[in-house]
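For reference, the chains in residue letters:
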Amino acid sequence: QVQLVESGGGLVQAGGSLKLSCAASDLILKANTMGWYRQTPGNQRELVATLSSDHTMNYAESVKGRFTISRDFAKNTVSLQMNGLKPEDTAAYYCRADQIVLLTSEQIGTLWGQGTQVTVSS
C-alpha cells in the first residue's frame, strides 16, 4: 500500500544504456526528495542521484555526465537514464523517497524500494 516499485534493470553490454523507473504507490501524495542508490555485495550502499522538489540535483562523481535523473511530480515517479554504462556500474539499484506525505496527511521519513539489478558486461 505504501511502497516504491522499481523497473528497468537488466543485462547490457559496456557502452549501452538503460532507463530505470520508480513509481510511488497511490497512497503517497508527495515526497520532498526522490532518488537512486546502488549497492554491490559486501559494500556500502551509495548515492547515485537525487532530485528534490526545489529541483536541487545531486550526482555521484562517478556518474556525472553519463546518468540523468528526472521526476514527474504529478505522478510521483522518478527515472534514471543511464548512458555509457561501464562494468563498474554493475550493482543493485534502489529507489528512495524522503519526507513523504500520505493522502491521510501522515508523514514518513524514508522509504526504500526492493531494488533492481543492473549488470554491465564487457
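I will try to describe carefully the structure that is included in this document.

1. What about the environment of Ser 70?
Positionally, Ser 70 belongs in strand E7 (residues 67–72). The partly exposed category is assigned to Ser 70, whose relative accessible area is 35%. Once the C-alpha coordinates of Ser 70 and Val 48 are considered, the two residues, 22 residues apart in sequence, prove to be 13 Å apart. Setting aside chain neighbours within four positions, we find Ser 70 in contact with Leu 51, Thr 77, Val 78 and Ser 79.

2. Points about the sheet that holds strand E8 (residues 77–82)
Pairing in this open sheet of four strands is antiparallel, and the strands run E1-E3-E8-E7 from one edge to the other. Here the strands that pair on one side only, and so sit at the sheet edges, are strand E1 (4–7) and E7. Geometrically, the sheet is characterised by an average inter-axis angle of 15° between neighbouring strands, direction not taken into account. Where strand E3 (residues 18–24) and E8 come together, six bridges link them in antiparallel fashion. The partner of Cys 22 across the bridge, within E8, is Val 78.

3. Let's talk about the side chain of Thr 33
Checked against the element boundaries, Thr 33 lands in strand E4 (residues 28–39). There is a polar contact of 2.9 Å between the side chain of Thr 33 and the side chain of Ser 52.

Cut-offs and rules
Residues numbered from 1 in each chain as written. Predicted model: local features only at pLDDT ≥ 70, side-chain atom pairs only at ≥ 80, totals over all residues. Heavy atoms only, no water. Helix = DSSP H or I, 4+ residues; strand = E, 2+ residues; numbered from the N terminus. Buried < 20%, exposed > 50% of the residue type's maximum accessible area, 1.4 Å probe, protein only. Contact = heavy atoms within 4.5 Å. Pairing = 2+ DSSP bridges. Axes fitted to C-alpha atoms, helices over the stretch in contact; angles between N-to-C directions. Polar contact = N/O pair within 3.5 Å; in protein donor to acceptor, adjacent residues only side chain to side chain.

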